[in-house]
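So you can see what is in the structure, the chains are spelled out below.
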Amino acid sequence: MADEPLVLGIETSCDETGVGIVRGTTLLANEIASSVDEHARFGGVVPEVASRAHLEAMVPTMRRALEKAGISLSDVDALAVTAGPGLAGALLVGVAAAKAYALALDKPLYGVNHLSAHVAVDVLEHGALPQPCVALLVSGGHSSLLLVPDVTNDVKPLGSTVDDAAGEAFDKVARVLGLPFPGGPHIDRVAREGDAAFATFPRGKADDGTLDFSFSGLKTAVARWIEARERAGEPVPVADVAASFQEAVADVLTAKAITACREHGVDNLLIGGGVAANSRLRVLAQERCDKAGITLRVPRPGLCTDNGAMVAALGAQLVDAGRRPSALDLPADSSLPITEVLV
Ligand code: KG4
Ligand code: ZN
């Protein structure tokens, strides 16, 4: 509808330069330039390489998004940008660009939390968020359970990983299995041919009564298992190990997410972040939610991994809620706490 806010969102917190454009809850464009190939040979994102790639990609990605949406910059009602958390140098590129556009266009700018944006993006697919909902956020940098009474200003942490993030565990296990970086999608792919019951790997903190996660023990257990196999001169069944590892992650994530819903009397669960693209996690979450009478919402995979549309979607909800825009000297904050939706 024409009276809904037209918002442009910029995302540069890690290795994806994203520019998204939404009108209210309607997605108009979601253009992404990724520097992932430049990081692959290092086995992880190199911050300086990511920052330079953002600089080079910012203007072309912006142009592509405007063209896709069929609008010109002066049409937008507001801009939104990821202010944190993320890589400091990478965030700075997006924040500086967003400030320049906002100043030149004399439009309001909203500096937003990357994690809240991973939750807010689901409005583009499934409409207004249920209030409250529990959100399971699983990405390369974060694994958290959140109670979300209102994604525009009230996000409460319930638990998080005490060591590696879920995506980090996928990436590290993929490396020991000889799969390319980032490993999540490759494990997902090869696991389809594997037996998830082949090996039982540890479910860290599964029964400790908290809503926290731990994945470093799991990662080490898989690495030790592979080493033992290689020492014995036996081949490593990559698909079976990938499937068994993936099962351990999906099991513990979904079990704790359901517990979080029960403990807080919430019957809506939302899963977001790059790992939410995982096919086994999606299937198991659906099965367990159906059994528990919980409604599950998971955005389509392309909206789960980092993108600009999620930032624009949160921006549009902030505009709708009448929140005050950020000051034009807003900082990029690499460790922005999850409780701060808007900077
Ligand atoms: O949200 P995201 O794009 O970036 C961060 O904010 O970190 O998440 C990236 C992470 C990577 O660790 C990647 O391996 C993982 O998400 N990932 C997956 C899948 N697709 C991406 N993990 C498991 N299965 C997938 N299909
Ligand atoms: Zn992310």
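Since this is a predicted model, take the numbers as computed values, not measurements.

1. Quick look at the overall build of the chain
(1) Moving on: Per the secondary structure count, the chain includes 12 helices and 10 strands.
(2) Moving on: The globule rule puts the C-alpha radius of gyration for 343 residues at 20 Å, and the 20 Å found for the chain is close to it.
(3) Moving on: The principal-axis extent of the C-alpha atoms belonging to the chain is close to 65 × 45 × 30 Å.
(4) Moving on: Across the 343 residues in the chain, those meeting the buried criterion constitute 53%.

2. Quick look at the pattern of salt bridges
(1) Moving on: In the structure shown here, the tally under the stated rule is 16 salt bridges.
(2) Moving on: Between D154 and K156 there is a salt bridge; the shortest N-O distance is 2.9 Å.
(3) Moving on: The class of D154 is partly exposed, set by a relative accessible area of 25%.
(4) Moving on: K156 sits in the partly exposed class, given a relative accessible area of 37%.
(5) Moving on: The closest approach of N and O atoms between D208 and K205, which form a salt bridge, is 2.9 Å.
(6) Moving on: Its relative accessible area of 28% is what places K205 among the partly exposed residues.

3. Overview of the coordination of the zinc ion (ligand 2)
When four donors bind a metal tetrahedrally, each ideal donor-metal-donor angle is 109.5 degrees, and when six bind octahedrally, the ideal angles are 90 or 180 degrees.
(1) Moving on: Looking at the metal site, the zinc ion (ligand 2) is ligated by H114 (NE2), H118 (NE2) and D306 (OD), spaced 2.1 to 2.2 Å from it.
(2) Moving on: Counting gaps between the donor residues of the zinc ion (ligand 2) yields the pattern H-x3-H-x187-D. Placement of the pair is H118 in helix 4 (residues 114-120) and D306 in the loop between helix 11 (301-304) and helix 12 (308-320), with a sequence separation of 188 residues. Comparing H118 with D306, the two get one shared label, buried.

4. Quick word on the site of ligand 1
(1) Moving on: Every one of the 19 residues lining ligand 1 counts as a neighbour, but G140, D171, G184, D188 and G274 are closest to it.
(2) Moving on: For ligand 1, an oxygen atom lies 3.3 Å from a polar atom in the side chain of H118.
(3) Moving on: Here G167 contributes a backbone N or O atom positioned 3.2 Å from an oxygen atom of ligand 1.
(4) Moving on: In isolation ligand 1 offers 560 Å² of accessible surface; the protein chains occlude 89% of this area.
(5) Moving on: Secondary structure elements with two or more residues in the shell around ligand 1: helix 4, helix 6 (166-176) and helix 7 (183-191).
(6) Moving on: A breakdown of the residues in the shell around ligand 1 according to their chemical character gives 5 nonpolar, 11 polar and 3 charged.

5. Comments concerning the sheet that holds strand 7 (residues 143-150)
(1) Moving on: With mixed pairing, the 5 strands of this open sheet are ordered in space as 8-7-6-9-10. Two strands bound the open sheet, and with one partner strand each, they are strand 8 (154-160) and strand 10 (295-297). Adjacent strand axes in the sheet meet at a mean angle of 25°, parallel and antiparallel pairs treated alike.
(2) Moving on: With 4 bridges connecting them, strand 6 (residues 133-138) and strand 9 (residues 268-272) associate as parallel partners.

6. Observations concerning the sheet that holds strand 4 (residues 78-84)
(1) Moving on: Spatially, the 5 strands line up as an open sheet ordered 3-2-1-4-5, and their pairing is mixed. Since the sheet does not close on itself, it has two edges, and those belong to strand 3 (26-34) and strand 5 (109-113), each with one partner. With strand direction ignored, the average angle separating the axes of adjacent strands in the sheet is 20°.
(2) Moving on: Strand contacts of helix 3 (residues 88-105): strand 1 (6-11), strand 4 and strand 5, with the helix running at about 160° to strand 4, the strand carrying the most contacts.
(3) Moving on: Where helix 12 meets the sheet, its contacts fall on strand 1, strand 2 (16-23), strand 3, strand 4 and strand 5, and the angle it forms with strand 1 comes to roughly 135°.

7. With respect to the domain arrangement of the chain
(1) Moving on: Per the domain assignment, the segments making up the chain are domain 1 (6-121 + 307-320) and domain 2 (131-300).
(2) Moving on: Just the C-alpha atoms count here: the centres of domain 1 and domain 2 sit 27 Å apart.
(3) Moving on: Opposite the 17 residues of domain 1 that make contact, domain 2 presents 16 residues.
(4) Moving on: Both faces considered, domain 1 and domain 2 share a buried interface measuring about 1,300 Å² in area, 77% of it formed by carbon and sulfur atoms.
(5) Moving on: In terms of surface lost to domain 2, no three residues of domain 1 exceed L115, H118 and V119, which account for 41% of the buried area on that side.

8. A short note on unusual backbone geometry
(1) Moving on: Look at the link from Q131 to P132: it is a cis peptide, with omega at 0°.
(2) Moving on: Within the secondary structure, P132 is located in the loop between helix 5 (123-126) and strand 6.
(3) Moving on: With omega at -5°, the peptide bond leading from F181 into P182 counts as cis.
(4) Moving on: Along the chain, P182 falls in the loop between helix 6 and helix 7.
(5) Moving on: Look at D106: it is not a glycine, yet its phi comes out positive at around 60°.
(6) Moving on: The topology assignment puts D106 in the loop between helix 3 and strand 5.
(7) Moving on: Exposure remark for D106: the relative accessible area of 67% places this residue in the exposed category.

9. Quick look at the pairing of strand 3
(1) Moving on: Sheet topology note: the strand 2/strand 3 ladder contains 8 bridges and is antiparallel. Note on strand 3: the bridge partner recorded for G20 is N30.
(2) Moving on: Here strand 2 folds back onto strand 3, and the loop between the two strands holds 2 residues, one of which, G24, carries a positive phi near 60°.

Reading guide: rules and limits
- Residues numbered from 1 in each chain as written.
- Chains lettered and ligands numbered in written order.
- Predicted model: local features only at pLDDT ≥ 70, side-chain atom pairs only at ≥ 80, totals over all residues.
- Heavy atoms only, no water.
- Helix = DSSP H or I, 4+ residues; strand = E, 2+ residues; numbered from the N terminus.
- Rg over C-alpha atoms; globule rule 2.2 N^0.38 Å.
- Buried < 20%, exposed > 50% of the residue type's maximum accessible area, 1.4 Å probe, protein only.
- Salt bridge = Lys/Arg side-chain N within 4 Å of Asp/Glu carboxyl O.
- Donors = N, O, S within 2.8 Å, 3.2 Å for Na, K, Ca; no water.
- Near = heavy atom within 4 Å.
- Polar contact = N/O pair within 3.5 Å; in protein donor to acceptor, adjacent residues only side chain to side chain.
- Areas by Shrake-Rupley, 256 points an atom, 1.4 Å probe, with all protein chains shown as cover.
- Nonpolar A, V, L, I, M, F, W, Y, C, P; charged D, E, K, R; others polar.
- Pairing = 2+ DSSP bridges.
- Axes fitted to C-alpha atoms, helices over the stretch in contact; angles between N-to-C directions.
- Contact = heavy atoms within 4.5 Å.
- Domains from an automatic or database assignment.
- Buried area = accessible area lost by both parts, 1.4 Å probe.

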